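Structure assessment
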Amino acid sequence: MEKEKDLEWGSTPIGSLSERWPRDGRGEPEEPVFLCCCKNIDLSDELLVNMLEVYGIPCLRRYPGDGSFGRLILGISGQGVDILVPKSLYNDAKVLIEGEMNHEEL
C-alpha cells in the first residue's frame, strides 16, 4: 500500500518549477508573461505567488535592476519583484489577482 504524502499548510508544491510549468505542443516550456509587480517589503509577493500556486498556476519571480542583490543582502528587493506566469494561464491569473485586489478594497 502506497503511503499518502503529508501535505502541510504553506508547504512548497511538489516538484520543481520546471516540472510544473506547462509545455507547448513541441514539449518546450511555455513563454512566461508579465503579470504584475509587487512590493517586496510587505510579503505581498509571497502571498500572491502562494495563492496562484494553490490554483495550479506556477510563477516565476524576477527581481529588476539590482533587486536580486538587495534580496540576498537585505532580505528584500527595494525595486520590487515582477511576477511572471505561463502564457496559457495568464487570463486565469489576472482574474484571480483582480478578485483579490477588489476584496482588499472592501
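Please refer to the structure higher up on the page.
What comes next concerns the included structure. (Residues numbered from 1 in each chain as written. Predicted model: local features only at pLDDT ≥ 70, side-chain atom pairs only at ≥ 80, totals over all residues. Heavy atoms only, no water.)

Let's talk about the pattern of salt bridges
Applicable threshold: Salt bridges are identified by distance alone: a Lys or Arg side-chain nitrogen within 4 Å of an Asp or Glu carboxyl oxygen. Note on exposure labels: buried denotes an accessible area under 20% of the residue type's maximum, exposed denotes more than 50%, and partly exposed covers the range between, all computed with a 1.4 Å probe on protein chains only. The secondary structure listing takes helices from DSSP runs of H or I that are at least 4 residues long and strands from runs of E that are at least 2 residues long, numbered from the N terminus.
Counted by the stated rule, this structure contains six salt bridges. Where Arg 26 meets Asp 24, a salt bridge forms, and the shortest distance between an N and an O atom there is 3.3 Å. The exposure class assigned to Asp 24 is partly exposed, which follows from its relative accessible area of 28%. Between Asp 45 and Arg 61 there is a salt bridge, with its nearest N and O atoms 3.6 Å apart. With Asp 45 in helix α2 (residues 44–54) and Arg 61 in strand β2 (residues 60–62), the pair connects residues that are 16 residues apart, well separated along the chain. Relative accessible area serves as the criterion here: at 1%, Asp 45 is assigned to the buried category. Arg 61 gets classed as partly exposed once you look at its relative accessible area, which sits at 29%. Several salt bridges share partner residues, and in doing so they unite Asp 45, Glu 46 and Arg 61 into one network.

Describing the sheet that holds strand β1 (residues 32–38)
Selection rule: Any two strands with at least two DSSP-identified bridges between them are counted as paired. Helix axes are fitted to C-alpha atoms over the stretch in contact, other axes to C-alpha atoms as well, and angles between N-to-C directions run from 0 to 180 degrees.
Sheet architecture is open: three strands sit in the order β1-β3-β2, paired in antiparallel fashion. Both outer strands of the open sheet, β1 and β2, are each paired with one neighbouring strand and no more. Neighbour to neighbour, the strand axes of the sheet diverge by 30° on average, direction disregarded. Examined bridge by bridge, β1 and strand β3 (residues 81–86) share six bridges and lie antiparallel to one another. Paired with Cys 38 across the bridge in β3 is Val 81.

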